[in-house]
Structures are given as C-alpha cells and as structure tokens.
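Chain residues, written in single-letter form:
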4 protein chains.
Amino acid sequence: MPRRSRSRLARFGRVSAVRDDYAHRLAIATRWGDNDVYGHVNNVEYYAFFDTLINTWLIDQGGLDIHAGEVIGVCVESRCRYHASFSFPDVVEGALRVVHVGRSSVRYEIGLFKDGVVAPAATGEFVHVFVDRETRRPAQIPPPLRASLERLLVAPVVADPPLVPDEDAADGPGEMPAD
Amino acid sequence: MPRRSRSRLARFGRVSAVRDDYAHRLAIATRWGDNDVYGHVNNVEYYAFFDTLINTWLIDQGGLDIHAGEVIGVCVESRCRYHASFSFPDVVEGALRVVHVGRSSVRYEIGLFKDGVVAPAATGEFVHVFVDRETRRPAQIPPPLRASLERLLVAPVVADPPLVPDEDAADGPGEMPAD
Amino acid sequence: MPRRSRSRLARFGRVSAVRDDYAHRLAIATRWGDNDVYGHVNNVEYYAFFDTLINTWLIDQGGLDIHAGEVIGVCVESRCRYHASFSFPDVVEGALRVVHVGRSSVRYEIGLFKDGVVAPAATGEFVHVFVDRETRRPAQIPPPLRASLERLLVAPVVADPPLVPDEDAADGPGEMPAD
Amino acid sequence: MPRRSRSRLARFGRVSAVRDDYAHRLAIATRWGDNDVYGHVNNVEYYAFFDTLINTWLIDQGGLDIHAGEVIGVCVESRCRYHASFSFPDVVEGALRVVHVGRSSVRYEIGLFKDGVVAPAATGEFVHVFVDRETRRPAQIPPPLRASLERLLVAPVVADPPLVPDEDAADGPGEMPAD
C-alpha cells in the first residue's frame, strides 16, 4: 500500500479519531424525520450535520454573512465513512477541525460522536471554496473568517499532501458548484 | 503520485465521465426546498439523489423489499465531488454504474447530469453493505439482487483495486452503520 | 353546525375531491429519505410536495423569478389532511387549484393522489402572500403571475368566504413569515 | 361570524398565545439546509419541528417505542400559521400543549417562539391517531402514553368542540394515513 493511502486511512479511518482530535464540538439534535425506514438516521442527514456544524462556526466565529456578505462558501467535495448508527432522538456530538487553509479554500475533517461512546460513529471530510457571491469565482478568504478557520487547524497526523488537489495550485474551477 | 491515486482521480474526477459511462439513468426532479440560501441545490441533497437512484434500482430490478426483506443495504461510505450547480426546478439526470460486487458489499459510482450539458455536475461514490435486518451482520447478497447489480457492472477505467478496503476480505465491520 | 364550517368540510374533507376537481396536475417522485421509521412517507414531506407543486407552476407559468424578482411569495398558512399513505418509490400525483386571488395573496387547494386510486391520499390548503423582496411588505401580484393564478381558479363548491381572513381586507401582517 | 370560528381563531390566531400557554417547551436548533432561497427557514421545516417536539415527548415521557411498540402514532391532520420568520442559525423554542385526548387520538397545539420575542413566530395544530403497527387500525392509547399526554392538557380558551371531527365518535378512518 503506498504511503499516501495509508496516511489517509490513518486520518480518515475509524481507528484513530477521538473527541480530543478535534478543535471544536457542537451538540446537534436529531429530528424525527432523520430516521429512515430501517429505523436509523439516514446516511444523507450526516451531511446536514456537517453543513450545520461548519456553518454555525463560520457565522458565529468568522463573521460569515450568509445573507449579504460578498464572499460565500461553496462545497466542492464531501465524504463520509459510517461506523455506527444514530437513531432519533439521539443527540449527535459534532466535532470539527481544519487540516488545510489555502488562499480561497479550506478542508475540514468532521467526527460525529454518540453519547458515551469513544470511537466516532462517523468520520468525514468537507472542502469549501470561498467565492464571490455574484461572479461565483474563487475569492480570497476574508481575514476574520481566515482567523476563525486557523483556530481550528490541527497538525495532520502525517505530513502527506491531501488527496484532493488544492484548487489554489491551479487556475481554480470554472463554474462554481453546490452551495 | 502513486499509480493508485492517479487512477482513482481518473475515475472519480471531472474529466472522464459522460452519460455513456454509466449503465442506468433516472430523471430526478428537484424540489423547492432543495435550494438553499445561496439559490442552488444544497450539497446535502446530492446524496438524497444518490440514495434515490440506487434504491429505486434495487427495488424495481433486484426485488429488494425495504419493508420486510431479510437483507437490507446500509451505507458504509459515500462521497461526492461537485463540479457545477443545480437549481430548482431543474431536473437532475442521475446515472449509475457498479464497479465492484463482493460477497456482501457493492460499490457504486454515480454521475449527476444537467440537461444539455455533457460533463457531469457531480460525480460520486457510494458503498452498500448488505446485512441481516435483525442482527445487522453482513449477509450474502441474495441472487436476484446480485443479478441486478451485475447488470450495472462496467469495466473500471483501470484495474486498480478500490481505495476503500473491501469488507469481504476482512472479518467485516461489527456494529452496522447508517441505513 | 354552522353553514360555513360544513361547506369548508365539504371542500377540504375526504369525500368530495377527485382529480378532475383540480386545474393542474404534476407528477412528483418520492425519495428514499421521505419514508420514515414506520415505512411510509413522513407527514412533513407532503408539504414539500405542496411547495414544489405550487412553485413549479409559478416559475413555469407565471414568470416568478425566485433568484432576483422584486416580488416573492411567502407562506402564511398551510394545512393538510392525511387520508392514506404513500411509500417510496411511489410517484405522487399532485393536483392544484386556486380558490381565491386577492390583491397580494392567493389561496390554493391541493390534492395528492396515488396511482390507480380515485380518492385523494391527502388534501391541503396553502396561502401565499406576495411581498417585496427587500421590505417584505405585501405587494401587488404582478400581472403575469396573476394571470397564471387565475388560470387555476375553480368555482368553489359553495360560495362561502374563506375561513382564513384575507389579509387584503386589513392592513396586512407586519413582519412577514416563512418563505 | 359564528361562535365556533371566533373561538378557533382565538386559540389558533396570532394574538393570544404566549409561552406560558403551553405545558412543555423544547429548544430545537435550525440547520443550514432549513433556509431556503429567500434566506429564511422554509415553511415545510416548521412541521419537522412539530414532529420532533411531539415525538421527543412521547418517547421520553410516554414510553413510545418507535422501533418495536405495538401501537404507533400516525398524523391525520396538521396545520400551521406563520407569523414571523426564523433563519439559520436561530434556535427555535418549541412549545406544546394537548387540547383533546380521545380513545385513540390526541390533538396538540404548538407554538414556535423566537428568542427574546413574546409572540409566537408560528402556531400550529397536529392530530395523532394511534394505530396498531401491523393492521394500522385505530388502537387504544396505552396507559403510560395517555398519562404523558394528560400532563400536557390545558383548559381550552373556550369550551367549543374542535373543528376537526374526533375520529372516536365515528367508526374511525379505514386505511391509515401518513406516519
């Protein structure tokens, strides 16, 4: 197995992460409708937890103005590995860290924890590119937002570059993707 | 860059995939509430499209009985790269292929296409493990379901093994994750 | 029982409505996540069907510009009676009529039908007030939008005024409610 | 205006309700995706708040077993009036009372309050019929559940019978509706 993949697994996999590996935590209540026909929270909702965890931080700590700010964050990649299930009315403990901040992009890692359980029920990644609200072209991360992101930076477990190519190294994407 | 990673990017990245790379397609209408505050379909909903695309196939073609069948599919990993946005009332064209079928697991690749656009608006991966409904332990994929999955198999672009370790090679996960 | 209430029940209740009582119909596919733990589409999602049915009409037929138009529609009341269940992957047939158009408001009635069943699985009401996007104060319905709404007008079963007081008769609400 | 309608408006309308009119309250956090394109929480999500508020009570206080209990609650009617808007990341204060408990049905009234605001942002009604999980025929409310519901009973503002006909007076509905 090549070194990069192994290091990715170490960071992304089920074994390593515990609550203390993350810089910020937020309790997120499940809702009745999160449960699907199999009686557990649907895999889709985990991404709603990611979104909520991240954007609550950006608004509260980074001054992101989702209604009128010049710069908005759009998601260019997300990923989740599911290790154990939640079920309404569980409360999810969302944990967040930042592993890379570029000129216009940021890569987060997320852990979702269940009350009383050490290992994460899910681990995920989420990449935001900040863009101009009107043109949707990549824009520099505003200083207060950048400061809030840097407070979430943790040293990566290994020094490997991220698998996801940093858009800052290239011309950047053309049309901007999903919010 | 190690060969594995390059091949993954070739399969997962924006460049290669077109509609004809997928074995099955389904039109999925967006809903008013899919749009978020930035005016486009929220990144979370793309996973609802994955879920819907995959389970519609399993029910219609593979005889999956989500209400009473002995075996159910749970998601152990999902991933999405967002290349362009959708906005209600767009209709999403979901495209599906299978790249690996194991004893109890299957790995899908998904493309989401916009009307009149050749390149996918999003590309994703989704891994199902089939488990016993009661014990939630991995179970053999029932023959009719397996047959339906094999009809979606396409030759991978390269012969590399998947990055996600196949649970069939190991003892398999303990407690089963999200539905 | 006073006459008003009886007439409301006649219009709103399970007995009277059939597909032909509505002026417009739209097929709406269910999604995997619509099902809840009891195996049927969650009551909340019926309102997502209402929203989607109504706004698709307003955009396609009335020229509503949800991204930049000066006037937007906000919901001031909605209601649903549930007569039978849906279950993914059912396709819902949404049926829409308008029973009142005021200066700035419109009252819709909705029926949700199941394939092959004459009686509606659900009947609902939805009241839109159109407001200025910036001030959120009631605004006159623009002519093309009004024309599209009037094409959905059906003679009410009885001539009673609506139970919901028409905001046009009063000063109108202050701060505007949910979108 | 007939007396019944007036009394209904008094209970249901915007004027009368304050937090103290309700027997139970629960904080419900909004999620990023609750906001729609107009920047406020979508009208549909208010019903997700209703569902969550009610079922959390039934599970925590009434011993409702949503996974395996013999009796489940299905919604036969819901309704909401929207007086003011929420916007992520607002926390919604949900307030709940019961205005009628029958043999197999219960009618709730809900207020949704915004931090620091006396008047409710929304007021709603929700009718549950408890049914046998298998046959989906109306079933007697189990004693512990009934006791928990009776703890939420408040004297109605007026003595009028509810507009919604009580299913207990008749044979009850045939096929049971949405969960």
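Presented here is a report on the structure given in the accompanying data block. Because the structure is a prediction, the values reported are computed rather than measured.

**A look at the overall build of chain A**
Phase 1 of the analysis: Of regular secondary structure, chain A possesses three helices and five strands.
Phase 2 of the analysis: Considering only residue pairs separated by 6 or more positions, chain A has 76% of its internal contacts joining residues 24 or more positions apart.
Phase 3 of the analysis: In the structure as shown, chain A presents an accessible area of about 6400 Å², 54% of it carried by carbon and sulfur atoms.

**With respect to helix 3 (residues 143-150) of chain D**
An α-helix turns once every 3.6 residues. As a result, residues three or four positions apart point the same way.
Residue and element names in this part refer to chain D.
Phase 1 of the analysis: Within the span of helix 3, buried status applies to Leu145, Ser148 and Leu149. All buried residues of helix 3 fall inside an arc of 100° around its axis, so they share one side. Facing away from the buried side of helix 3 by more than 90 degrees, the exposed set consists of Pro143 and Pro144.
Phase 2 of the analysis: Buried residues along helix 3 sit in contact with helix 2 (43-62), strand 3 (91-101), strand 4 (105-114) and strand 5 (122-132).

**Remarks on the pairing of strand 2 (residues 71-82) of chain D**
Phase 1 of the analysis: Where burial is concerned, most of strand 2 of chain D is hidden: 12 out of the 12 residues are buried.
Phase 2 of the analysis: The sheet contact formed by strand 2 (residues 71-82) of chain C and strand 2 of chain D spans five bridges and is antiparallel. The residue bridging C:Arg79 from the neighbouring strand is D:Arg79, located in strand 2 of chain D.
Phase 3 of the analysis: With 11 bridges joining them, strand 2 of chain D and strand 5 of chain D adopt antiparallel strand pairing. Counted as the bridge partner of D:Val74 is D:Val129 from strand 5 of chain D.

**Describing the packing of aromatic side chains**
Phase 1 of the analysis: One pass over the full model with this rule turns up 34 aromatic pairs over all chains.
Phase 2 of the analysis: Each member of the aromatic cluster is reached from another via a ring pair, and the members are A:Tyr46, A:Phe49, A:Tyr82 and A:Phe86.
Phase 3 of the analysis: Sitting over the ring of D:Tyr22, D:Arg97 keeps its end group 4.4 Å from the ring centre.

**A closer look at the sheet that holds strand 4 (residues 105-114) of chain B**
Phase 1 of the analysis: Spatially, 1(A)-3(A)-4(A)-5(A)-2(A)-2(B)-5(B)-4(B)-3(B)-1(B) is the arrangement adopted by the 10 strands of the open sheet, whose pairing is antiparallel. The open sheet terminates on both sides in strands that have one partner only, identified here as strand 1 (24-29) of chain A together with strand 1 (24-29) of chain B. The average undirected angle you get between the axes of adjacent strands in this sheet is 30°.
Phase 2 of the analysis: Its contacts with the sheet place helix 3 (residues 143-150) of chain A against strand 3 (91-101), strand 4 (105-114) and strand 5 (122-132) of chain A, and it is angled at close to 110° to strand 3 of chain A.
Phase 3 of the analysis: Across the sheet, helix 2 (residues 43-62) of chain B lies against strand 2 (71-82) and strand 5 of chain A together with strand 1, strand 2 (71-82), strand 3 (91-101), strand 4 and strand 5 (122-132) of chain B, angled at about 50° from strand 5 of chain B, the strand it touches most.

**Some points on the side chain of B:Ser148**
Residue and element names in this part refer to chain B.
Phase 1 of the analysis: Position of Ser148 relative to the elements: it lies in helix 3 (residues 143-150).
Phase 2 of the analysis: Given the relative accessible area of 0%, Ser148 is considered buried.
Phase 3 of the analysis: Among all residues touching Ser148, those that are not within four sequence positions of it are Trp57, Gln61 and Gly62.

The rules behind each value
- Residues numbered from 1 in each chain as written.
- Chains lettered and ligands numbered in written order.
- Predicted model: local features only at pLDDT ≥ 70, side-chain atom pairs only at ≥ 80, totals over all residues.
- Heavy atoms only, no water.
- Helix = DSSP H or I, 4+ residues; strand = E, 2+ residues; numbered from the N terminus.
- Contact = heavy atoms within 4.5 Å.
- Areas by Shrake-Rupley, 256 points an atom, 1.4 Å probe, with all protein chains shown as cover.
- Buried < 20%, exposed > 50% of the residue type's maximum accessible area, 1.4 Å probe, protein only.
- Arc of directions from axis to C-beta.
- Pairing = 2+ DSSP bridges.
- Phe/Tyr/Trp six-rings, centres within 6.5 Å; stacked < 30°, edge-to-face > 60°.
- Lys NZ or Arg CZ within 6 Å of the ring centre and 35° of its normal.
- Axes fitted to C-alpha atoms, helices over the stretch in contact; angles between N-to-C directions.

Any functional reading would require information that these geometric values do not contain.
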